[in-house]
Amino acid sequence: MAGPRPVRAPRGSALSARGWPQEAALRMLKNNLDPEVAEHPDELVVYGGTGRAARDWRSFDAMVATLRTLGPDETMLVQSGRPVGVMTTHEWAPRVLIANSNLVGDWATWEEFRRLERLGLTMYGQMTAGSWIYIGTQGILQGTYETFAAVAAKRFGGSLAGTLTLTAGLGGMGGAQPLAVTMNGGAALCVDCDPRALERRIAHGYLDERADSLDEALARAARARDERRALSVGVVANAAEAVPRLLASGAPVDIVTDQTSAHDPLAYLPVGVPFEDMADYAASDPEGFTLRARESMARHVEAMVGFKDAGAEVFDYGNSIRGEAQLAGYDRAFDFPGFVPAYIRPLFCEGKGPFRWAALSGDPADIAATDRAVLDLFPDNEPLARWIRLAGERVRFQGLPARICWLGYGERERAGERFNGMVARGELAAPVVIGRDHLDCGSVASPYRETEGMRDGSDAIADWPLLNAMVNVASGASWVSLHHGGGVGMGRSIHAGQVTVADGTVLAGEKIRRVLTNDPGMGVIRHVDAGYEEAEAVAEARGVRVPMRER
Ligand code: NAD
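Everything quoted here is computed from the prediction, not taken from an experiment. (Residues numbered from 1 in each chain as written. Predicted model: local features only at pLDDT ≥ 70, side-chain atom pairs only at ≥ 80, totals over all residues.)

## Let's talk about the site of the ligand
And step 1. The immediate surroundings of the ligand are formed by 34 residues, with Gly171, Met173, Asp194, Gly318 and Asn319 found nearest.
And step 2. Elements that contribute at least two residues to the shell around the ligand include exactly helix 4 (138–155), strand 7 (187–192) and helix 8 (239–248).
And step 3. For the shell around the ligand, the class distribution of residues is 16 nonpolar, 15 polar and 3 charged. (Near = placed C-beta within 6 Å. Helix = DSSP H or I, 4+ residues; strand = E, 2+ residues; numbered from the N terminus. Nonpolar A, V, L, I, M, F, W, Y, C, P; charged D, E, K, R; others polar.)

Written out as structure tokens, the structure reads:
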């Protein structure tokens, strides 16, 4: 039977499939599992707890083989990481349609999901793991950078210099935190129970240094804070012990957040369990493990609330830790806000979100050229220009070279068309794929995260991501995905993604124009519908049609 082996996306301009959209899906599936990209490639786990790119190795092989022979009028259907059909469609249809981890409402629990997973019937797709557009930690770096910049703007005069941020979780996504803090000028103390996570972040240039004890880590980070130096220090510890200890010791912490894998209680290390025993314990006694993990999360969140009471800026960074702490009986769990209502929603109202692209050539020069194109297209957007310049200097690529930047309604389409023109004129060595995170303005229903505290109370309405997926299919995206449970776990989110290939053809240009207009357009109309004036102004200024506002 097919088993684990190293996987890497092909590079260069030669096709191994029958067209660039199929080739792109093939390369991005493989890229997600590149050991440079994936957290645990042997288990097909890309990031975010157990977010997988394929259900098992046989399914992976079948998808690769199918993509190689798939015609330009055919569509491969993927059900939770396994290819289940190929249908004749047409050239405007997506080449791949993906549905991952979806469960009927009353059954949408981790327990039922695990039962079905054990039977080999489903897999957890997270957001960009099962939809093949994960680009390593950079993917989240920009959003994290923006969030900490917003914290700086709100509380600290526009810079984090002279502040200390305390956080935990240095995994695939959480690993962006130390660099995002130092890019904003601040000091960071980062806790993770897995020494490999620290080593990986140091190797990739996301974490500056590692201390041998919590006391030493605090001493170094606090000194950097006092000297207004940017520095990130990591330490191996259990956050559920470290955060209460730091609170009790009166550590001079200004900002507190967390990105442990709290969305999945089987991926959060309970207090008193040695890290080496975590996997065996979780597998042998999931119920007992879950209870202890939730209890530990309650202590962790209680300490975060303690820091808030002491005056720190505290926010939930989208991992559902408040919900889990509440399940353990801690009643002040929601005393601090999620990061979306606190900092991101105004951007969503403008259709802004995590636009990203990857160079299928594998040539970093292609990303450098697209970086220059973005700077040229948006000369007045200073924060964007600062990000693109810093990313060019400080971000090390993992797998295929890629870039992310947040662009809004009207902007994404312009960037996409420019990239397609560059491919057509031979200014890039091969086509690029243009996609995004599922964490976007109009593509997700997630009441603990992206749609927390919507103005009209529509947090849990999940029609929007379904419409978003259908709109992207109707607009010509190359592959479209519809997932459940990403980010915050089973029963708590439904979300959609799209990836569109810029291969330089006229047809690709037409598809790009529609997809990259309609996809962020969903964000504008979703927020108009919920009563946000900022979104109404964007709709009015840029001609987004909203029938209920037309008279
Ligand atoms: P990951 O599984 O790659 O990493 C999680 C890390 O947490 C691991 O390194 C693990 O060792 C560590 N950890 C677990 N229990 C711990 C404990 N008790 N103390 C200290 N460390 C502990 O996950 P990831 O991809 O980095 O995602 C982290 C979380 O953030 C997930 O819940 C994910 O859903 C969420 N997330 C948020 C956003 C966002 O935009 N805010 C985006 C993506 C993911």
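That was the structure; now back to the text.
## With respect to the environment of Glu533
And step 1. Along the polypeptide, Glu533 turns up in helix 18 (residues 533–542).
And step 2. The spatial distance from the C-alpha of Glu533 to the C-alpha of Met422 is 37 Å, given a sequence separation of 111 residues.

## Brief notes about the domain arrangement of the protein
And step 1. If you check the domain split of the protein, you get domain 1 (138–336) and domain 2 (345–454 + 495–542).
And step 2. Distance between the C-alpha centres of domain 1 and domain 2: 29 Å.
And step 3. At the junction of the two partners, domain 1 supplies 15 residues and domain 2 supplies 14 residues.
And step 4. Breaking the side of domain 1 that touches domain 2 down by element, the ones donating at least two residues are helix 4, helix 5 (176–183) and helix 11 (321–327).
And step 5. Sorting elements by how many residues they give to the side of domain 1 that touches domain 2 places helix 4 first, with 7 residues.
And step 6. Partitioned by chemical class, the residues of the side of domain 1 that touches domain 2 number 4 nonpolar, 9 polar and 2 charged. (Domains from an automatic or database assignment. Contact = placed C-beta atoms within 7 Å.)

## As for the UniProt feature "domain: Urocanase C-terminal" (unreviewed entry) in the protein
And step 1. Mapped onto this structure's residue numbering, the UniProt feature "domain: Urocanase C-terminal" (unreviewed entry) falls at residues 346–540.
And step 2. When the span residues 346–540 is considered, its composition is 46% helix and 18% strand, and the gap between its end C-alpha atoms is 16 Å. (UniProt positions renumbered as here; feature names shortened; annotations may be inferred.)

## Quick notes on the pairing of strand 3 (residues 74–79)
And step 1. Sheet topology note: the strand 3/strand 4 (residues 82–88) ladder contains 6 bridges and is antiparallel. Each bridged residue has a counterpart across the sheet, and for Leu77 the counterpart in strand 4 is Gly85.
And step 2. Counted along the chain from strand 3 to the antiparallel partner strand 4, the turn is 2 residues long, and its residue Ser80 has a positive phi close to 40°.
And step 3. Bridge count for strand 3 against strand 5 (residues 96–100) is 4 bridges, and the pairing is parallel. The residue bridging Leu77 from the neighbouring strand is Leu97, located in strand 5. (Pairing = 2+ DSSP bridges.)

## Things to note about the pairing of strand 13 (residues 402–407)
And step 1. Within strand 13, 6 of the 6 residues are buried, which leaves it mostly tucked inside the rest of the structure.
And step 2. Strand direction decides the pairing type here: strand 12 (residues 353–359) and strand 13, joined by 6 bridges, are antiparallel. Across the sheet, residue Trp357 finds its bridge partner in strand 13, namely Arg403. (Buried ≥ 20, exposed ≤ 12 C-beta atoms within 10 Å, placed from the backbone.)

## Describing the nonpolar core
And step 1. Membership of the largest hydrophobic core comes to 164 residues, with the highest contact counts inside it found for Ala221, Met297, Ala358, Val432 and Val433.
And step 2. The element that contributes the greatest number of residues to this core is helix 10 (residues 286–309), accounting for 9 residues.
And step 3. A domain-level breakdown of this core finds at least three residues from each of domain 1 (138–336) and domain 2 (345–454 + 495–542).
And step 4. Excluding residues within four positions of it along the chain, Ala358 makes contact with Met28, Ile135, Leu400, Pro401, Ala402, Val432 and Val433. (Core = buried A, V, L, I, M, F, W, Y, C linked by C-beta atoms within 7 Å.)

## Let's talk about the packing of helix 4 against helix 12 (residues 339–349)
And step 1. Interhelical geometry of helix 4 versus helix 12 gives an angle of 100° and a closest axis separation of 10 Å. Of the possible angle classes, the one that applies to helix 4 and helix 12 is roughly perpendicular. Contacts between helix 4 and helix 12 pair Thr147, Ala150 and Val151 from the former with Phe339, Tyr343 and Ile344 from the latter.
And step 2. In the contact of helix 4 with helix 12, the residues fall into 5 nonpolar, 1 polar and no charged. (Axes fitted to C-alpha atoms, helices over the stretch in contact; angles between N-to-C directions. Parallel < 35°, antiparallel > 145°, perpendicular 65-115°, else oblique.)

## Remarks on helix 18
And step 1. Where helix 18 is concerned, the buried positions are Ala535, Val538 and Ala539. Along helix 18, the residues classed as buried sweep out an arc of 100° about the axis, all on the same side. Within helix 18, the exposed residues directed more than 90 degrees away from the buried face are Glu533, Glu540 and Ala541.
And step 2. Check the buried side of helix 18 and you find it contacts helix 12 and helix 17 (506–529). (Arc of directions from axis to C-beta.)

## Topic: the sheet that holds strand 7
And step 1. Spatial ordering of the open sheet is given by 8-9-7-6-10-11, a layout of 6 strands whose pairing is parallel. The sheet is open, and its two borders are formed by strand 8 (209–210) and strand 11 (313–314), each paired with just one other strand.
And step 2. Note that strand 10 (residues 255–256) and strand 11 share 2 bridges and pair parallel. Each bridged residue has a counterpart across the sheet, and for Ile255 the counterpart in strand 11 is Glu313.
And step 3. Contacts between helix 6 (residues 195–203) and the sheet are confined to strand 7, strand 8 and strand 9 (231–236), with strand 9 contributing the most and set at about 155° to the helix.

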